[in-house]
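Breakdown of the fold
The lines below spell out each chain.
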Amino acid sequence: MVQNLEGMGFTVVPFGQGFKDMSSPTKEMMKLVLEEKNAYGGHPVLRWMMGNIYVRTDPAGNIKPDKEKSTEKITGAVATVMALDRAIRCDNDTSESVYDSRELLYILILC
């Protein structure tokens, strides 16, 4: 999948599912939710998924969503945490946006 996306011109950034990559953006997401700064746009399915999350903590105080212990599906919530991480990391990026030269692309995934 990575090779196909890169072949289509997309930039693919590795992102692990462990505490190392997930902790900081998960903490930021929790902060935004507690401050009632709806970080997921109020979408009803994402709101449902956010309510399903069980957060696991390691001995060092890092946190991440735990799929096995969560009550229902959390895939969209995890994707939102990952997207928040990219947004935080790119905050100081003053380069041109890809959307300055093309329209928004939609990827439809059928399960």
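Above this text sits the structure in question.
Residues numbered from 1 in each chain as written. Predicted model: local features only at pLDDT ≥ 70, side-chain atom pairs only at ≥ 80, totals over all residues. Heavy atoms only, no water.

What follows deals with the overall build of the chain. On a plain count of helices and strands, the chain comes out with four helices and two strands. Taken from N to C terminus, the helices and strands of the chain fall in the order α-α-α-β-β-α. Buried positions account for 25% of the 111 residues belonging to the chain. Considering only residue pairs separated by 6 or more positions, the chain has 58% of its internal contacts joining residues 24 or more positions apart. (Helix = DSSP H or I, 4+ residues; strand = E, 2+ residues; numbered from the N terminus. Buried < 20%, exposed > 50% of the residue type's maximum accessible area, 1.4 Å probe, protein only. Contact = heavy atoms within 4.5 Å.)

A few words now on the nonpolar core. In terms of nonpolar packing, the biggest core is built from eleven residues, these being Phe 15, Met 22, Met 29, Leu 32, Met 49, Met 50, Ile 74, Ala 77, Val 78, Val 81 and Leu 84. If one sorts the elements of this core by residue count, helix H4 (residues 75-89) sits on top with four residues. Contacts of Ala 77, omitting those with residues within four sequence positions, involve Leu 46, Met 49, Met 50 and Ile 53. (Core = buried A, V, L, I, M, F, W, Y, C linked by side-chain atoms within 4.5 Å.)

So, on to the pattern of salt bridges. Close approach of charged atoms allows side chains with opposite charge to pair. Taken as a whole and assessed by the stated rule, the structure comprises six salt bridges. Where Arg 56 meets Asp 66, a salt bridge forms, and the shortest distance between an N and an O atom there is 3.5 Å. Taken together, the residues span a long stretch of sequence, with Arg 56 in strand S1 (residues 55-57) and Asp 66 in the loop between strand S2 (63-65) and H4 at a distance of ten residues. Relative accessible area serves as the criterion here: at 34%, Arg 56 is assigned to the partly exposed category. A salt bridge links Asp 85 to Arg 89; the shortest N-O distance between them is 2.8 Å. In this pair, Asp 85 and Arg 89 both sit in helix H4, four residues apart, roughly one turn of the helix. (Salt bridge = Lys/Arg side-chain N within 4 Å of Asp/Glu carboxyl O.)

Moving on, we get to helix H2 (residues 19-34). An ideal rise of 1.5 Å per residue puts 22 Å on 16 residues; H2 measures up with 21 Å between its terminal C-alpha atoms. For H2, every residue scored as buried is listed here: Phe 19, Asp 21, Met 22, Ser 23, Pro 25, Thr 26, Met 29 and Leu 32. The inward-facing, buried residues of H2 abut helix H3 (44-52), S1, S2 and H4. One or two positions beyond H2, positive phi appears at Glu 36, with a value near 55°. (Expected span 1.5 Å × (residues − 1).)

Phi at Glu 36 takes a positive value of approximately 55°, unusual for a residue other than glycine. With respect to the secondary-structure elements, Glu 36 resides in the loop between H2 and H3. A relative accessible area of 73% means that Glu 36 is categorised as exposed.

Residue class for Asp 66 comes out buried when judged on its relative accessible area of 3%. When neighbours within four sequence positions are excluded, Asp 66 is seen to be in contact with Tyr 54, Arg 56 and Ile 74.

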